[in-house]
Amino acid sequence: MADKFTLVLGDRQLSSWSLRAWLMAKYIDIDFETKFINLSAPLAKEEILRYSPSGKVPALIHNDLIIWDSLAIAEYFNELFPTSGLFPRDINSRAIARSVISEMHSGFQAIRSSMPFSLNSGLSFIDSNQLRLEIKRVEEIWLDLRIKAADSGEYLFGEFGIADAMFAPVVLRFKAYGYQSQNEIVTEYCNTILNNQFVKEWCINN
């Protein structure tokens, strides 16, 4: 029997974590089904719990196995498809990739709360010193990685990978809330993400 993959996701409009898992699945070019759950529906939690023991999205169902949390899904995809390029080939670069991925996964609470994920535009955010510090840190990460990978591609480690999937929702947040970096390299990276075929597909199909 062929492998069956199903991604249980939240709304395209609202679920940044769902976007991350979906981008990874699209990038490795697997055949997968999607089940979208309206997170605003009264029984959304109960519906999610049918698939995900954490009651949160995304969740990946691979045959009879359930993997929840976007970071766990990323690592599982990498184990299944180790030559797909989700992580850099160089061991040192992989270590850095895991560091920035984990930082994104667990941090940047001011960005999350002040710039709730949305595919709309022209939104207003609540400014604060903490928000400015977190945006500065995001830009530092992007700038450092892009300078190092300048000769190997347009993404954080040259080719598209898990790190880019993790930071893609931040780029969309910046667009939605009208934040524009003053750094040309950062702006170029944002444009690369916005022009990515899969990011555009997610936004167009909203």
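If you're wondering where the values come from, they're calculated on a predicted model, not measured in any experiment.

## Topic: the packing of helix H3 (residues 70-80) against helix H4 (residues 91-106)
Then comes step 1: Two elements in contact, H3 and H4, have axes whose closest approach is 10 Å; the angle formed by their N-to-C orientations is 155°. Our classification of the angle between H3 and H4 gives roughly antiparallel. Between H3, through Ser70, Leu71, Glu75 and Asn78, and H4, the contact on the second element is made entirely by Arg98, Ile101, Ser102 and His105.
Then comes step 2: Looking at the contact of H3 with H4 residue by residue, the class counts come to two nonpolar, four polar and two charged.

## Quick look at helix H7 (residues 162-176)
Then comes step 1: Taking 1.5 Å of rise per residue, the 15 residues of H7 would be expected to cover 21 Å, and the 22 Å separating its terminal C-alpha atoms lies within 8% of that figure.
Then comes step 2: Along H7, the helix axis deviates most sharply at Ala168, where the bend reaches about 30°; the proline Pro169 sits within four residues downstream.
Then comes step 3: When you tally the buried positions in H7, you get 14 out of 15 residues, the bulk of the element.
Then comes step 4: Directly after H7, the chain includes Gly178, whose backbone phi takes a positive value near 70°.

## Let's talk about helix H9 (residues 197-204)
Then comes step 1: Of the positions making up H9, those classed as buried are Phe198, Val199 and Trp202. Projection of H9 onto a plane perpendicular to its axis shows the buried side chains occupying an angular sector of 105°, all on one side. Residues of H9 that are exposed and point more than 90 degrees away from the buried face comprise Gln197 and Ile204.
Then comes step 2: Check the buried side of H9 and you find it contacts strand E1 (5-9), helix H1 (16-27), strand E2 (32-36), H7 and helix H8 (184-194).

## Quick word on the pattern of salt bridges
Pairs can form between side chains of opposite charge whenever their charged atoms are close.
Then comes step 1: Counting across every chain of the model gives nine salt bridges.
Then comes step 2: The residue Lys26 makes a salt bridge to Glu201 at a minimum N-O spacing of 3.4 Å. Placement of Lys26 in helix H1 and of Glu201 in helix H9 is noted, with a sequence separation of 175 residues between them.
Then comes step 3: Among the residues examined, Lys26 registers a relative accessible area of 21% and is labelled partly exposed.
Then comes step 4: Ionic pairing is found between Glu103 and Arg137, a salt bridge with its closest N-O pair at 2.8 Å. Within this pair, whereas Glu103 is found in helix H4, its partner Arg137 is found in helix H6 (residues 129-148), the two being separated by 34 residues in sequence.
Then comes step 5: A relative accessible area of 33% means that Arg137 is categorised as partly exposed.

What counts as what
- Here the residue index of a chain counts from 1 through its sequence in written order.
- Residues qualify for local features only when their pLDDT is at least 70, as the model is predicted, and side-chain atom pairs are given and counted only at 80 or more; totals for whole chains, interfaces and linings, by contrast, use all residues.
- Remark: hydrogens and water are excluded; side-chain values derive from all non-hydrogen atoms of the structure.
- Lines fitted to the C-alpha atoms define the axes, with helices restricted to the stretch that makes contact. Angles between their N-to-C directions range from 0 to 180 degrees.
- Helical segments are the DSSP runs of H or I of at least four residues, strand segments are the runs of E of at least two, and each set is numbered from the N terminus.
- Convention used here: angles under 35 degrees read as roughly parallel, angles over 145 as roughly antiparallel, angles from 65 to 115 as roughly perpendicular, and any remaining angle as oblique.
- Contacts were defined at the residue level, with two residues in contact if any of their heavy atoms lie within 4.5 Å.
- Side-chain classes are defined by residue name, with Ala, Val, Leu, Ile, Met, Phe, Trp, Tyr, Cys and Pro counting as nonpolar, Asp, Glu, Lys and Arg as charged, and the others, Gly among them, as polar.
- Take the number of residues in a helix, subtract one, and multiply by 1.5 Å to get its expected span.
- Here the bend at each residue means the angle between axes fitted to two seven-residue stretches, the one ending at that residue and the one beginning there.
- When accessible area is computed with a 1.4 Å probe and restricted to protein chains, residues below 20% of their type maximum are described as buried, those above 50% as exposed, and intermediate ones as partly exposed.
- By definition, the arc is the one covered by directions from the helix axis to the C-beta atoms.
- A side-chain nitrogen of Lys or Arg and a carboxyl oxygen of Asp or Glu constitute a salt bridge if their distance falls within 4 Å.

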